Amino acid sequence: MFKTLRQDLISGRFAAGEKISISALKEHYQVGLSPLREALNRLAAYGLLIQENQRGFRVPKLSHNELDDITDMRCKLEGMALERAISNGDAEWESQLVAAAYRLNRVEHGQVETSEWEAVHVHFHRTLVAPCGSEWLTRFIEQLHDQFDRYRRLAPPIPESRTILDAQHNELVELALQRRTIEAQELLTEHIRLSYKIALGSCRDQHD
């Protein structure tokens, strides 16, 4: 239940600021009250819902300031993780990274469902930093990704930026395999910042 509701919150099934109806969720997901409340409480602790005392749960509003903060933390933590991954990564990681990039290239240049691209895209970025050696760092990065993606997926697409972002995935692989750490970190920061420009479109008409 947690994973399903988490994905629906990230994908924008619920509007920013929307009050969550527990009865409606029970009916939609065909789930009992106890597992549903457990999932809602976990998602509130995770930051994808706001718990309003005894009044239930609400989807967080979109905030330009929050997106700035999320983006800044992504650049810092993912840059740190990438440095460690390049230092620790072995031949097995290299093969996994190449495979993840290959899968991503296939969905980027084919006619696929958005959900499939999102899953493969997340897998690529997780593989990129997988050998960082810190479970907590990986956990924080995953949480930031989910928060960031909620903004990005609610924003209007910018095709020209998407083309550049797609190309950068392959460039990141090449730099990582060649152990060009500083250049890889710089490109990753550029990649996140460019994606931020797309995500910023979700904050239009929103008030911090």
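Just so it is clear, the model here is predicted, and its values are computed rather than measured.

Reading the values: the criteria
Residues numbered from 1 in each chain as written. Predicted model: local features only at pLDDT ≥ 70, side-chain atom pairs only at ≥ 80, totals over all residues. Heavy atoms only, no water. 1 Å grid on protein atoms, 1.4 Å probe; cavity = no way out; pocket = protein on both sides within 12 Å on 5 of 7 lines; lining within 4 Å. Points joined across faces, edges and corners; volume = space filled by probe spheres on them. Helix = DSSP H or I, 4+ residues; strand = E, 2+ residues; numbered from the N terminus. Nonpolar A, V, L, I, M, F, W, Y, C, P; charged D, E, K, R; others polar. Expected span 1.5 Å × (residues − 1). Buried < 20%, exposed > 50% of the residue type's maximum accessible area, 1.4 Å probe, protein only. Contact = heavy atoms within 4.5 Å.

Volume-wise, the second largest pocket comes out at about 230 Å³. Along the wall of the second largest pocket there are 13 residues; nearest its centre are Q7, E118, A119, V122 and R153. Looking at the lining of the second largest pocket, the elements that each hand over two or more residues are α1 (2-11), α6 (114-129) and α7 (135-154). In terms of residue class, the lining of the second largest pocket is built from three nonpolar, three polar and seven charged.

Tallied over the full model, the rule gives one cavity of 30 Å³ or more. A volume near 80 Å³ is recorded for the largest cavity. In this structure, the largest cavity is lined by R74, W117, H121, H125, H145, F148, D149, R152, R162, L165, H191 and S195. Secondary structure elements with two or more residues in the lining of the largest cavity: α6, α7, α8 (159-177) and α9 (181-199). Within the lining of the largest cavity, the residues separate by chemical class into three nonpolar, five polar and four charged.

The subject of this paragraph is α7. Taking 1.5 Å as the rise per residue, α7 with 20 residues should run 28 Å; its terminal C-alpha atoms sit 29 Å apart, in good agreement. Within α7, the full set of buried residues consists of L137, I141, L144, H145, D146, Q147, F148, D149, R150, Y151 and R152. As for α7, its buried residues are in contact with α1, α3 (33-46), α4 (64-88), α6 and α9.

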